[in-house]
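Residues per chain, in single letters:
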Amino acid sequence: MTQTGIRAQEGREQQESVAVLADARAERVASLRNKIAGLESAANLTPVQQKPRLLSNDSVSVGNESSVDPYRVVELSGQLAGAIPTGGLPKNSVSHCSDCPVLVSELIAQISAQGKTIAIVNWSDLSLAQVAESGDLSKIITVPNPGGEWITVLGVLAEGVDVLIYRSPRTHTLSPTQARPLLAKIRKGRAAVLTIGAQVPSPALTINAQVTGFSGIGCGTGRIRNAEIAVSSYSKTHRNGPVVLTCGARSSAEPSAAVPSSAEPLQAVQ
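Scoring rules and cut-offs
- Residue numbers here run from 1 along each chain, matching the order of that chain's written sequence.
- Local features in this predicted model are restricted to residues whose pLDDT is 70 or higher, and side-chain atom pairs enter the listing and the counts only when it is 80 or higher, whereas totals over whole chains, interfaces and linings include all residues.
- Side-chain numbers here rest on the full set of heavy atoms in the structure, without hydrogens or water.
- Residues belong to one nonpolar core when they are buried, are Ala, Val, Leu, Ile, Met, Phe, Trp, Tyr or Cys, and are joined through side-chain atoms within 4.5 Å.
- Any residue under 20% of the maximum accessible area for its type is buried, any over 50% is exposed, and the rest in between are partly exposed; the area is computed with a 1.4 Å probe on protein chains only.
- What makes two residues a contact is simply this: any of their non-hydrogen atoms within 4.5 Å.
- Think of it this way: any DSSP run of H or I at least four residues long counts as a helix, any run of E at least two long counts as a strand, and we number them from the N terminus.
- Helices are assigned an expected span. That span is 1.5 Å times one less than the residue count.
- Patch definition: residues with relative accessible area over 30% and no salt bridge; like charges joined within 9 Å; nonpolar side chains (Val, Leu, Ile, Met, Phe, Trp, Tyr) joined within 5 Å.
- In short, Shrake-Rupley with a 1.4 Å probe defines the accessible areas, and a residue's cover is counted only from the protein chains shown.
- By convention in these notes, a salt bridge is any Lys or Arg side-chain nitrogen within 4 Å of a carboxyl oxygen on Asp or Glu.
- To obtain each axis, a line is fitted to C-alpha atoms, and for helices this fit is confined to the stretch in contact; angles are then taken between N-to-C directions over 0 to 180 degrees.
- Orientation categories follow fixed angle ranges, with anything under 35 degrees roughly parallel, anything over 145 roughly antiparallel, 65 to 115 roughly perpendicular, and all other angles oblique.
- For any pair of crossing helices, the crossing counts as left-handed if the nearer helix is rotated counterclockwise from the farther one by less than a right angle, and right-handed if it is rotated clockwise.
- All amino acids are sorted into three groups, where Ala, Val, Leu, Ile, Met, Phe, Trp, Tyr, Cys and Pro are nonpolar, Asp, Glu, Lys and Arg are charged, and the leftover types, Gly among them, are polar.

Draft legend 1. Geometry of the nonpolar core. If you look at the biggest cluster of nonpolar residues, it comprises 36 residues, and the most contacted ones within it are Leu 103, Val 104, Ile 108, Ile 118, Ile 120, Ile 165 and Ile 207. Sequence-distant contacts of Ile 108, defined by excluding residues within four places in its chain, comprise Ile 118, Ile 120, Leu 126, Leu 128, Val 131, Ile 140 and Ile 165.

Written out as structure tokens, the structure reads:
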């Protein structure tokens, strides 16, 4: 075979490889959208008629809002709402949270109990036992391994879920060039995005949390019933904390909650 023939064959092989990758990407995107459609159908959600404004991210947004519109957040309740200056997670923006699974589980439990949909990306070992007790597992989809196309996965999920949670295996900050296409997708979608590990320049909200103690365990007996965490947070215009919160606590008169028999299991997208 001539050298020209070899180069032509290599070119065809490269084209075939690119085509296979494109097909796999399209298949994953279609799978994610089908899962989102299933959640929306189950919850009888209505389409968003008006797209909310981008709340922040100075270096990549057109403008910078001076304050957070309370109607543009996924609201929280109780002590947790008081510990966060915005009263919830800002929609159509990216917030950052420290790696505190107890706090994130509390967020998921509260938000899913409101009937809102949540996607959890790249966090296969996150325990959702607390969600099973006080939240709604049928409102959650998981993507345990988004692969190298994680920005594409986040962009697709931001179109149809209320809250999108992504955990990076390493701590890093996206450059403005990397963040710009992701933020554009988030602005056009409906989700409040919460990242752990990965950060965008100038997040709308930053939450720092650390476990300070547990209760329920005695000397060789008992089990962990709740955890105390110190939470501090700040947005562009406000700063809260630190505040000590108790997560997972229930009233002694309240019976142990069980997953309803009608609840659907977590939906995992491979």
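Draft legend 2. A look at helix H3 (residues 101–113). When the terminal C-alpha atoms of H3 are compared, their 18 Å separation across 13 residues agrees well with the 18 Å that a helix rising 1.5 Å per residue should span. Extensive coverage of H3 is indicated by the burial of 10 of its 13 residues. Following H3 by one or two positions, Gly 115 adopts a phi angle in the positive range, close to 90°.

Draft legend 3. Here's a closer look at a nonpolar patch on the surface. The grouping of Val 211, Phe 214, Ile 217 and Ile 224 at the surface amounts to a nonpolar patch, some 380 Å² of accessible area in total. Here the nonpolar patch takes three residues from strand S8 (residues 205–217), the largest share from any one element.

Draft legend 4. Seen up close, helix H6 (residues 176–188). For H6, spanning 13 residues, the distance from its first C-alpha to its last is 18 Å, which sits close to the expected 18 Å at 1.5 Å a residue. Those residues of H6 lying buried are Ala 179, Leu 182, Leu 183 and Ile 186. Turning to H6, the residues buried within the fold contact strand S3 (94–97), helix H5 (150–157) and strand S7 (192–199).

Draft legend 5. Inspection of the packing of H5 against H6 at higher detail. Between H5 and H6, the shortest axis-to-axis distance is 8 Å and the interhelical angle comes to 20°. By the angle between their directions, the pair H5 and H6 is classed as roughly parallel. Crossing of H5 against H6: the hand is right-handed. Facing Ile 151, Leu 154 and Gly 155 of H5, the residues of H6 in contact are Gln 178, Leu 182 and Lys 185. Residue composition of the contact of H5 with H6, by class: three nonpolar, two polar and one charged.

On their own, these measurements won't tell you what the molecule is for.
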